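Observations on the three-dimensional arrangement
Chain by chain, the residues:
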Amino acid sequence: MTSKYQFKTTKAFRESYNRLTQPLQAATKEAFAVFKQNPFDPSLNIHKIYKLSGLAKKTVYSITIKGNLKVVFIIDDNVIVSLDIGTH
């Protein structure tokens, strides 16, 4: 199955990703393999972040990579933009 979405990352995402430990980068790559096939796969625990959505004036989502490591992203038409990755 090929996703109908295009995937992009921001500079902030890439910088945060590069600061992750090697095991967390590997976990992120595994999760992104699933994410790119189906961004709404239940294993990713996708949910809306209402406060950020209100501030951004568009729906902001989060997926769980591992433990408390999350990726925050938006969907703009058929483009998914990963905004940042980190713990909270």
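Only a predicted model underlies this, so the values are computations on that prediction, with no experimental measurement involved. (Residues numbered from 1 in each chain as written. Predicted model: local features only at pLDDT ≥ 70, side-chain atom pairs only at ≥ 80, totals over all residues. Heavy atoms only, no water.)

1. Brief notes about the overall build of the chain
From N to C terminus, the chain includes three helices and five strands. N-terminal to C-terminal, the α/β element order of the chain is β-α-α-β-α-β-β-β. Projected onto its principal axes, the C-alpha coordinates of the chain cover approximately 35 × 30 × 25 Å. In the chain, which comprises 88 residues, the proportion classed as buried is 36%. Long-range pairs, those at least 24 residues apart, make up 42% of the contacts in the chain between residues at least 6 apart in sequence. As displayed, the chain has an accessible area near 5,600 Å², and 55% of this comes from carbon and sulfur atoms. (Helix = DSSP H or I, 4+ residues; strand = E, 2+ residues; numbered from the N terminus. Buried < 20%, exposed > 50% of the residue type's maximum accessible area, 1.4 Å probe, protein only. Contact = heavy atoms within 4.5 Å. Areas by Shrake-Rupley, 256 points an atom, 1.4 Å probe, with all protein chains shown as cover.)

2. Some thoughts on the packing of helix α1 (residues 11-19) against helix α2 (residues 22-37)
Interaxial distance between α1 and α2 falls to 9 Å at its minimum, and their mutual angle equals 130 degrees. Comparing their axes, α2 and α1 come out oblique. Of the residues in α2, those in contact with Phe-13, Tyr-17 and Asn-18 of α1 are Gln-25, Thr-28, Lys-29 and Phe-32. Of the residues belonging to the contact of α1 with α2, the class tally is three nonpolar, three polar and one charged. (Axes fitted to C-alpha atoms, helices over the stretch in contact; angles between N-to-C directions. Parallel < 35°, antiparallel > 145°, perpendicular 65-115°, else oblique. Nonpolar A, V, L, I, M, F, W, Y, C, P; charged D, E, K, R; others polar.)

3. Some details on the environment of Phe-32
Looking at the element boundaries, Phe-32 is found in helix α2. Phe-32 sits 43 residues away from Ile-75 along the chain, and the two C-alpha atoms are 15 Å apart.

4. So, the packing of aromatic side chains
Enumeration over the complete set of coordinates arrives at seven aromatic pairs. Measuring from ring centre to ring centre gives 6.3 Å for Phe-13 and Tyr-17, while their planes differ by 15 degrees; the resulting arrangement is stacked. One end of the pair, Phe-13, and the other, Tyr-17, are both in helix α1, four residues apart, so they sit about a helical turn from each other. Note on Phe-13: relative accessible area 7%, which makes it buried. Looking at Tyr-17, the relative accessible area reads 15%, which means it is buried. Of the aromatic side chains, those joined through ring pairs into one cluster are Phe-7, Phe-13, Tyr-17, Phe-32, Phe-35, Phe-40, Tyr-61 and Phe-73. (Phe/Tyr/Trp six-rings, centres within 6.5 Å; stacked < 30°, edge-to-face > 60°.)

5. Let's talk about the pairing of strand β5 (residues 79-87)
Where a strand is regular, its side chains alternate between the two sheet faces. Pairing analysis gives four bridges linking strand β1 (residues 6-9) to β5, with the strands arranged parallel. From the neighbouring strand, Phe-7 faces β5, where its bridge partner is Ile-80. Across eight bridges, the pairing between strand β4 (residues 69-76) and β5 is antiparallel. Residue pairing in the sheet places Ile-75 in a bridge with Ile-80 of β5. Counting the residues in the hairpin turn of β4 and β5 gives two residues, including Asp-77, whose phi is positive at 60 degrees. (Pairing = 2+ DSSP bridges.)

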